[in-house]
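So you can see what is in the structure, the chains are spelled out below.
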Amino acid sequence: NPAADGKPVTCSHCGARFAIEHLDYDCKLDKLSPEIASKFKKLTCDEESMQFLRRCITRTGPYRFIISFLARVLRAFMSRTSANGLLGRGKMFVMSKDHGRILVEGSRGANAQNEVKGVLLDIGAGDGNVTERLRPYFKDAVVTEVSAPMIQALKRSGNY
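In what follows, the accompanying structure is described.

### A closer look at the packing of aromatic side chains
- Considering all chains together, one arrives at 1 aromatic pair under this definition.
- Centre to centre, the rings of Phe 52 and Phe 93 are 4.6 Å apart; their planes meet at 10°, and the pair counts as stacked. Pair noted here: Phe 52 is in helix α3 (residues 47-58) and Phe 93 is in the loop between α5 (80-87) and α6 (97-108), with a separation of 41 residues, a long-range link.
- Phe 93 sits in the buried class, given a relative accessible area of 16%.

### A closer look at the nonpolar core
- Residues Met 95, Val 104, Leu 120, Leu 134, Tyr 137, Phe 138 and Ala 141 constitute the largest nonpolar core, which totals 7 residues.
- If we ignore the near neighbours within four places in the chain, the residues touching Val 104 are Leu 134, Tyr 137 and Phe 138.

### Considerations on the pairing of strand β3 (residues 119-123)
- Burial along β3 is one-sided: the face carrying Leu 120 and Asp 122 is buried and the face carrying Val 119, Leu 121 and Ile 123 is not.
- In the classification by handedness, the crossover that spans β3, the intervening helix α7 (residues 129-134) and the parallel strand β4 (residues 140-144) is right-handed.

### Quick word on the pattern of salt bridges
- Scanning the model with the defined rule gives 4 salt bridges in all.
- A salt bridge links Arg 133 to Glu 48, with the shortest nitrogen-to-oxygen separation between them at 2.6 Å. Here Arg 133 is found in helix α7, whereas its partner Glu 48 is found in helix α3, with 85 residues between them in sequence.
- Judged by its relative accessible area of 12%, Arg 133 falls in the buried class.
- Arg 135 serves as the salt-bridge partner of Asp 140, at 3.9 Å between the closest nitrogen and oxygen.
- Judged by its relative accessible area of 41%, Asp 140 is partly exposed.

Calculation criteria
Residues numbered from 1 in each chain as written. Predicted model: local features only at pLDDT ≥ 70, side-chain atom pairs only at ≥ 80, totals over all residues. Heavy atoms only, no water. Phe/Tyr/Trp six-rings, centres within 6.5 Å; stacked < 30°, edge-to-face > 60°. Helix = DSSP H or I, 4+ residues; strand = E, 2+ residues; numbered from the N terminus. Buried < 20%, exposed > 50% of the residue type's maximum accessible area, 1.4 Å probe, protein only. Core = buried A, V, L, I, M, F, W, Y, C linked by side-chain atoms within 4.5 Å. Contact = heavy atoms within 4.5 Å. Right-handed = clockwise from strand over helix to strand, strands pointing away. Salt bridge = Lys/Arg side-chain N within 4 Å of Asp/Glu carboxyl O.

Structure representation (structure tokens):
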């Protein structure tokens, strides 16, 4: 298992090479305006994030090879997003549910814990995976998506 021994792994979605234990959740605050830097929330690679990363790198064998081959063929005729939508792969994982809670509560102030208000707008929602993580903190959600296969995935999820 590459994740256990610290060897670099390759992301099957974008081709980036990294070692899981070297993921950096930091920011060069001096490159940001003081107003933006003051809003920065340092996150850590929590258990939900680690589970996602482990799932990404442990898929091997003929199934992964066939799906990767099909994705390459389909990308000659459609976008990467549409190809991934047809093949049921390429789920976006931007943040864990805990990360979402920390960011939303942080933007609403110290007295806003567990407050549900406003509308979440997800432009380019894909299959809705990211929206689903943030949805509990908003009264309503509006999603947009142009990829027909991803629109079908959104509809199948029953959440949108």
